[in-house]
Amino acid sequence: MRLVLSLISLFAAGSVAAQDVPRAASGRPDLQGIWQVVERAGYDLEAHAARHDMKAGLSVVDGGEIPYQPWAAAQKAENFASRATADPLASCYLPGVPRVMALDYPFQIFQTDDQVALTFEWQQVYRLIYVSDEPSPYAGVESWMGHSRGRWDGDVFVVDVTDQNDRTWLDSAGNFHSAAMQVTERFRLEDSDTLAYEATIDDPDVFTRPWTLRLTMKRQSHGDRLLEYQCQAEKEEANGAFERDERTWYPAPVPDDGVAFDADAGIDLPLPAAGEDVRRLADGTPDISGWYMADGGGANYGLEAHPGHELLPPSRGHVVDPADGTLPYRTWARAERIEREMPYRGYDDPTAHCFVAGLPRSHYVPAPFFVVQTPTHVVFLHERMAWRLIRLDGEFLPDTIRLWQGDSIGRWEGDSLVVESRNFNGKAWLNETGDVISHMETLVETYTPVSPTQVHYRATVTDPIPYTRPWTMEMPFNHMDDELLEVACLEDNNDLQHLKDVRDEHRASQNQGD
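As the structure is a prediction and not an experimental result, all values here were calculated from the model.

Thresholds applied
Residues numbered from 1 in each chain as written. Predicted model: local features only at pLDDT ≥ 70, side-chain atom pairs only at ≥ 80, totals over all residues. Heavy atoms only, no water. Helix = DSSP H or I, 4+ residues; strand = E, 2+ residues; numbered from the N terminus. Rg over C-alpha atoms; globule rule 2.2 N^0.38 Å. Buried < 20%, exposed > 50% of the residue type's maximum accessible area, 1.4 Å probe, protein only. Contact = heavy atoms within 4.5 Å. Areas by Shrake-Rupley, 256 points an atom, 1.4 Å probe, with all protein chains shown as cover. Lys, Arg positive; Asp, Glu negative; His and termini not counted. Charge placed at Lys NZ, Arg CZ, Asp CG, Glu CD. Phe/Tyr/Trp six-rings, centres within 6.5 Å; stacked < 30°, edge-to-face > 60°. Disulfide = S-S within 2.5 Å. Polar contact = N/O pair within 3.5 Å; in protein donor to acceptor, adjacent residues only side chain to side chain. Arc of directions from axis to C-beta. Domains from an automatic or database assignment. Buried area = accessible area lost by both parts, 1.4 Å probe. Salt bridge = Lys/Arg side-chain N within 4 Å of Asp/Glu carboxyl O.

Regarding the overall build of the protein chain
Turning to step 1, where the next piece is worked out: Scanning the protein chain for helices and strands turns up 8 helices and 19 strands.
Turning to step 2, where the next piece is worked out: Relative to the 2.2 N^0.38 estimate, which gives 24 Å for 514 residues, the radius of gyration of the protein chain is 25 Å and therefore close to what a compact globule would have.
Turning to step 3, where the next piece is worked out: By its C-alpha atoms, the protein chain is 90 × 60 × 40 Å across when sized along the principal axes.
Turning to step 4, where the next piece is worked out: Counting the 514 residues in the protein chain, one finds 53% classified as buried.
Turning to step 5, where the next piece is worked out: A fraction of 63% describes how many contacts in the protein chain between residues 6 or more apart in sequence connect residues 24 or more apart.
Turning to step 6, where the next piece is worked out: Split by element, the accessible area of the protein chain, about 22,500 Å² in all, is 52% carbon and sulfur.
Turning to step 7, where the next piece is worked out: One finds the centroid of the 44 positive side-chain charges in the protein chain at a distance of 4 Å from the centroid of its 83 negative side-chain charges.

Shown next as structure tokens:
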């Protein structure tokens with residue numbers, strides 16, 4: 001009798017604990033926050049000893065072992081033997097699901113009634129989970145991260161992941177799957193600081209039966225934001241494949257060319273009026289969430305107006321200040337911009353390497369983006385697999401922490417979202433023609449919804465290294481009811497070697513001339 005009462009007490013305590021978890025306005029458990037996995041499953045899902053490239057860890061698989069078919073067990077052993085080069089993460093490729101959840105890097109969850117977004121520090125990959133009973137409009141289209149559909153089962157968030165390709169692994173030890181794999185995930189808050197995660201793998205082409213892995217995520221309270229780990233960029237900088245620009249990368253100095261930067265120059269442009277019928281949240285704040293495509297008008301091929309030619313698409317021009325539509329370049333920077341247009345400089349464009357585009361370019365690279373809006377953040381998820389987080393409160397990072405996407409803090413001024421960004425690393429270009437930006441860039445953006453289907457975007461750049469005064473650009477963002485597809489740029493990049501060959505041929509000819 002005493003044992004029964006004890007069990008009843010334990011069950012009751014568990015029920016009370018479940019009620020004590022943080023909850024969203026909808027009453028659902030609030031999964032939002034920065035989390036990191038406790039186990040070492042990213043190295044090997046099964047129990048394993050320590051090795052040179054692997055921390056020791058216990059199994060996270062129910063029953064201890066993955067139920068491979070005999071041929072698949074042999075393939076797994078072969079993968080393990082060649083893991084140093086064969087592991088897709090050794091090439092900085094997208095990790096797939098559930099592997100991304102087990103990586104030894106923090107991630108952040110953003111939750112609304114219609115979407116749950118997960119942004120990961122590793123390679124700035126993200127997951128956008130649509131909370132919907134409707135199938136994906138792109139069902140059957142395989143990708144590295146697959147299609148995710150979420151639903152609530154009581155206090156458990158259940159996610160079905162389909163249409164993953166067979167090019168990802170499940171861990172660094174070579175555990176793998178086929179394109180037939182389907183994953184069912186379950187997220188459950190055990191308390192305010194503990195998130196229980198499980199994933200059931202169903203892949204009859206590789207395994208003898210479905211099986212489940214279980215992970216524990218702990219809330220990270222030592223910081224209020226994710227930083228960046230751009231795996232491919234860091235690797236290429238380390239091996240010399242992506243070379244430093246001494247004039248723009250942090251901590252390059254302002255050029256001593258005798259021309260003072262006129263910080264007070266510029267037009268005081270009024271904000272456009274928001275439309276009367278714009279979408280709004282329950283508190284009256286404009287709702288700018290959803291799928292967008294910039295009406296870029298060739299901005300990725302030059303911010304100044306030009307007709308284009310056989311190698312360069314035209315641009316209608318986006319500079320509204322100065323009034324003549326030209327960028328207020330310093331002499332050296334204008335010459336640099338012109339040289340960057342030459343074919344032998346194409347390799348130097350960071351987006352040719354599939355690095356993140358920086359700001360404001362991330363908006364007008366010819367690909368859509370999705371905005372997830374919460375009371376504390378506005379999150380941009382770019383189809384070329386990069387995220388940008390805008391905090392609606394807080395302080396900027398220390399000067400020594402420099403990021404591709406900068407550090408952004410926003411606020412609502414009436415119906416316009418006003419965002420200031422600093423702490424850029426200076427490695428990005430503004431477009432393929434090489435409009436110049438540096439680490440001293442300060443960016444002030446405004447996002448004003450002018451109708452239910454359009455947001456007016458304005459960006460003012462203050463950067464004393466390449467420019468003599470601030471300048472401003474504008475363009476519209478068009479909203480549609482659509483979902484993002486995945487653009488796996490790095491994984492399918494077939495152009496970079498050609499661009500490198502053109503650059504190397506030019507350098508060789510220049511050296512011969514010397």
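Topic: the packing of aromatic side chains
Turning to step 1, where the next piece is worked out: Enumeration over the complete set of coordinates arrives at 24 aromatic pairs.
Turning to step 2, where the next piece is worked out: Consider the rings of Tyr105 and Tyr229, whose centres lie 5.5 Å apart with planes at 15 degrees: the pair is stacked. Placement of Tyr105 in the loop between helix 4 (99-102) and strand 2 (107-111) and of Tyr229 in the loop between strand 9 (211-219) and helix 5 (231-239) is noted, with a sequence separation of 124 residues between them.
Turning to step 3, where the next piece is worked out: On the accessibility criterion, Tyr105 (27% relative accessible area) is partly exposed.

Some thoughts on the state of the cysteines
Turning to step 1, where the next piece is worked out: According to the stated counting rule, one finds 2 disulfides in the structure shown.
Turning to step 2, where the next piece is worked out: Ordering the disulfide-forming cysteines of the protein chain by sequence position, one finds them joined as 1-2, 3-4.

Focus on the side chain of Gln373
Turning to step 1, where the next piece is worked out: Position of Gln373 relative to the elements: it lies in strand 12 (residues 369-373).
Turning to step 2, where the next piece is worked out: Polar contacts involving the side chain of Gln373 include one to the main-chain carbonyl oxygen of Pro286, which spans 2.9 Å.
Turning to step 3, where the next piece is worked out: Separated by 2.8 Å, the side chain of Gln373 and the backbone nitrogen of Ile288 make a polar contact.
Turning to step 4, where the next piece is worked out: Gln373 has contacts with Thr112, Leu281, Thr285, Pro286, Asp287, Ile288, Ser289, Val378 and Trp412, leaving out every residue within four places of it along the chain.

Here's the deal with unusual backbone geometry
Turning to step 1, where the next piece is worked out: Pro251 follows Tyr250 through a cis peptide bond whose omega is 5 degrees.
Turning to step 2, where the next piece is worked out: Backbone torsion omega between Asp321 and Pro322 reads 5 degrees, so that peptide bond is classified as cis.
Turning to step 3, where the next piece is worked out: Here Pro322 shows up in the loop between strand 11 (319-321) and helix 6 (331-340).
Turning to step 4, where the next piece is worked out: Residue Cys92 is not a glycine yet carries a positive backbone phi of 65 degrees.
Turning to step 5, where the next piece is worked out: You can call Cys92 buried: its relative accessible area is 2%.

Some thoughts on helix 6
Turning to step 1, where the next piece is worked out: Within helix 6, burial applies to Trp332, Ala333, Glu336, Arg337 and Arg340. Looking straight down helix 6, one finds its buried side chains confined to an arc of 135 degrees; they lie on one side.

So, the domain arrangement of the protein chain
Turning to step 1, where the next piece is worked out: Each domain of the protein chain was delimited in the assignment, giving domain 1 (16-219) and domain 2 (239-500).
Turning to step 2, where the next piece is worked out: With 31 residues of domain 1 at the interface, the matching set in domain 2 holds 24 residues.
Turning to step 3, where the next piece is worked out: Each partner contributes to the roughly 2,300 Å² buried at the junction of domain 1 and domain 2, and carbon and sulfur atoms together form 63% of this total.
Turning to step 4, where the next piece is worked out: Where domain 1 meets domain 2, there are 2 salt bridges.

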